[in-house]
Amino acid sequence: MLRWIWAIPLLPLAGFLANGLLGRRLSKRAIGTIACGAVLASFLLSVGAVVALSGAGEDLGAGGGPSLRWDPEHRRAQVTVGTWIPASAAGALAVDWGFVLDPLSAVMILVVTGVGFLIHVYSIGYMHDDPGYARYFAYLNLFMAMMLTLVLGSSYVVLFVGWEGVGLCSYLLIGFWYQDVAKATAGMKAFLVNRIGDFGFMLGMLLMFVHFGTLDIQTVAAGAGGAGAAVTLIALLLFVGATGKSAQVPLYVWLPDAMAGPTPVSALIHAATMVTAGVYMVARSSVVYVNAPAALATVAVVGAATAFLAATIALVQSDIKKVLAYSTVSQLGYMFLACGVGAFSAGIFHLVTHAFFKALLFLGAGSVIHAMSGEQEMPRMGGLRAHLPATYRTMLIGALALAGIPPLAGFFSKDEILGKAWEDGHLWLWMMGSVTALLTAFYVFRLIYLTFFGAPRMSAEARHHLHESPGVMTVPLWILAVLSAAGGLLGLPAALGFGNFLEGWLEPALASPPAHTAAEGSGHAAAGGHVWLLVVAALIAVAGWAVARTLYQARPETPARIAARAGGLYRVLKGKYFVDEIYQAVFVRSFFGGAWALDRFDRHVVDGTVNGSGAGVQIAGQIVKLFHTGYVRNYALSFFLGVVFILWFLLVR
Amino acid sequence: MSLEALPLEMIVFVITAAVAAVAALLVVLHRNPVVNAVALIVNLACLAVFFLLLRAPFLAAVQVIVYAGAIMVLFLFVIMLLDLKAELHPPRAGAFQRVMAVFAGAAFLSLMVLAMRRSRSTFAMKEVADAGHGTVERVAEEMFRNHLVSFELASVLLLVAMVGALVIARAFAETPDSQEPSA
Amino acid sequence: MRPPTEWYLAIAALLFTIGVVGVLARRNAIVIFMSIELMLNAVNLTLVAYADSFGASDAQVFVFFVMAVAAAEAAVGLAIILAIFRRRRSTSVDDVNLLKW
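In this text the structure is predicted, and so the values were computed from the model without any measurement.

1. Digging into the sheet that holds strand β2 (residues 76–85) of chain A
Residues and elements named next belong to chain A.
Working step 1: Ordered by their spatial adjacency, 3 strands build an open sheet running β1-β2-β3, and the pairing between neighbours is antiparallel. Here the strands that pair on one side only, and so sit at the sheet edges, are β1 (68–71) and β3 (95–101). Direction aside, the axes of adjacent strands within the sheet are offset by 30 degrees on average.
Working step 2: Examined bridge by bridge, β2 and β3 share 7 bridges and lie antiparallel to one another. Note on β3: the bridge partner recorded for Ile85 is Val95.

Next up, the structure:
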């Protein structure tokens, strides 16, 4: 079974080709079946491969065949399908099409294909009336293929192929309704901002090649120890790429705009999978980062800062999808915070739980928007609880998970991050994370109360159209709700006496910083201290909920008063710290200026030269034309002048 | 004929040269075509004088008879026939043409002078050991002995020219806006 | 005292140049013709001068032939001018300008 892991990205690729090339001629039912079927097949194959992986012992290498390499110490199976760039000379770059299944990529493929499948099913209902049905599913399948390539790649180059591919699909899907200029522009913004990050990533890869002579992940990891300053630089550059892809400061600005795309796209790409690629990459390169403490610290600080900042913005947004978008940015910050303190498995744990509840929240929001006939502004919602019961209940579960209320999944994963931060002595980071947790609970319940409670604030006509979503949309919601509720079982904390299953499973694949391993011992001893951390985290979450309840349900007139009293702060938060405007003024304007200058140069100098040469020939022709007077006498004069010239030349020379 | 060592030749030469030059200028510059033709006749006569001075009496005679006598008369006939007025309207080919013509001519003349100065052969004149030089007999001897074919061809040429002239001049005689020449 | 041969050559060159200027500067076809005759005569003079200085008779034969050809040319040329004049009532050479751009 392990030999077939290369087929996992290939099945959705086949689905993309089928729907992309033949979509116009297929019925909607066929298109949906092909797309979902491809992902389902990928999911089943992934399950089988992971089962095989977990049961594999020392002897796998013998029977696996020549293309399968098995590393029992790291529980790592690599299948090489072919050679991409053959080694042309000693020291030249050689890249193979290699796919690796180890505990880390196992987790990723299960999440990607599992949640991806649910979202594909949901999309059948959500996009049912859209004329670009086939194109949508083709792009979605292509995305799946690229994401799986990213996650399974054995070389940074293969990873980068997937990295770029998901960026492309993100652009295609954000700007899916491209006839709307604003939406198309949002797609471009995502792509361009990502590109800046990609540039950092590529520089990191180049430096990596210069230093290590290869871009194979395992080889680089083996040689990362004791490489000094170069490793730090590489780690930082790769992190720049992660900043772009996973929407951290300062390259997060594309994610809120990406909400222009269809909501299932937001759920899949901008919540569960693509944006987590940066976290995956950092975890995959854990050995590199562990050897570069400065870079690791940077990751942690950036993650914590992003988490806090994004949460503050989410407090006052009125568009339901924007709240969720900033929430995603914030939660991604948590994941990077975890990696930054060396708790890579905690980061991955949060990645998994976040995929569940954030996808759930987005799909639920999609259901709300669908019911409201396209309305996304919460001030115009309210009282939907009665009309959309299934949506309400599932979204409530998602909200509880996001807020970190025990015993749902979010509580355990968020707590593990904060716990590890506290244990390693990063008190400021813990403080920031906890405050952000308070804000998180607050804004997510604000969302719930504004949307589902209170008096309905919509127009009568909109109220008339309210309807619960069809089963094809609500069933995935329920499945995700169950996962959000029970997902905590994956990583029950050691402090309470449980074995942390996920941490143990991931241990062969991830590195730990030396200080951390030392603290592990003391951590167990301080298990008692960890318990009160759990209690504090739970209390914070409940407190956040309580404040939200007060402001939005018990005394709904309060938020307006607070906004009036803290007018300036409110405006800054609502305007998202005007970061977009600053970027526009500082960067975009100057680039436009440069582009304008280059355009001028191209048009006037380059084209001018070409046109000028044409004009020059024309002018020369006009001049020479004057010689054709038609008068024989003039021609005779020319003859004679020629004779004179020849004579002069011969005589005078 | 023998030549006498008198400055007479020089004087004749200078006068004839002056007249020839003036006549040539008249040919080229005067407006009236009749004046041009007559000036050319004068010029040809001067040339005949030169031929005499240069011990070519036969050629001098031929010059006067054929050139001045026949060809120029032909010119005058045509001028009279066409009843040309003097050139009235300003030239259309540009005044630049005239200026350049003069300049080119001057350049050419100076180059000729330069060439003459450069040439190394000394024109030592053969003294009159050769008494028959230039006589009819000598010329005839030369022509019929060494250049007989050319002579025959020349006569054919004249025949062709005659026929051609007749044909061309007559072919257009049937045009309604012209007078019928006497066949 | 005979004039040196160079003088004859000089006057011939002068006549030739005047003839050239005439060909190039005049519009009337007949006058152009006359200028051509002038040029031919200048050449004849040159030939005779050389014949005299080298004592060669074939130069004089050459001159004879030149005259014959000049006669033939004059006859045909004038016939052509006549024919053209009958058509268009003008002898201006500038009328032949169909090659003008």
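Alright, that's what it looks like, and here's the rest.
2. What about the nonpolar core?
Most often, soluble globular proteins keep nonpolar side chains buried together rather than apart.
Working step 1: The biggest cluster of nonpolar side chains holds 217 residues, and the ones touching the most others in it are Phe143, Met147, Leu337, Ala359 and Phe445 of chain A.
Working step 2: Setting aside its immediate chain neighbours within four residues, Phe445 of chain A contacts Ala399, Ala403, Gly544, Trp545, Ala548 and Arg549 of chain A.
Working step 3: Listed in part, the 87 residues of the second largest apolar core include Ala48 and Ala56 of chain B together with Phe16 and Val63 of chain C.

3. Some thoughts on the interface of chain A and chain C
Working step 1: At the interface, 10 residues of chain A touch 11 residues of chain C.
Working step 2: Looking at the side of chain A that touches chain C element by element, the count peaks at 5 residues for helix α28 (residues 632–651) of chain A.

4. A word on unusual backbone geometry
All names here are of chain A.
Working step 1: The step from Val249 to Pro250 runs through a cis peptide bond, and the omega angle for that step is 0 degrees.
Working step 2: Here Pro250 shows up in the loop between α9 (229–245) and α10 (254–257).
Working step 3: Positive phi outside glycine occurs at Ser373, with the angle close to 55 degrees.
Working step 4: Locating Ser373 in the fold gives a position in the loop between α16 (344–371) and α17 (389–403).
Working step 5: Owing to 13 C-beta atoms within 10 Å, Ser373 belongs among the partly exposed residues under this scheme.
Working step 6: Look at Phe578: it is not a glycine, yet its phi comes out positive at around 55 degrees.
Working step 7: By the element assignment, Phe578 lies in the loop between α26 (567–574) and α27 (579–625).

Rules used throughout
- Residues numbered from 1 in each chain as written.
- Chains lettered and ligands numbered in written order.
- Predicted model: local features only at pLDDT ≥ 70, side-chain atom pairs only at ≥ 80, totals over all residues.
- Pairing = 2+ DSSP bridges.
- Helix = DSSP H or I, 4+ residues; strand = E, 2+ residues; numbered from the N terminus.
- Axes fitted to C-alpha atoms, helices over the stretch in contact; angles between N-to-C directions.
- Core = buried A, V, L, I, M, F, W, Y, C linked by C-beta atoms within 7 Å.
- Buried ≥ 20, exposed ≤ 12 C-beta atoms within 10 Å, placed from the backbone.
- Contact = placed C-beta atoms within 7 Å.

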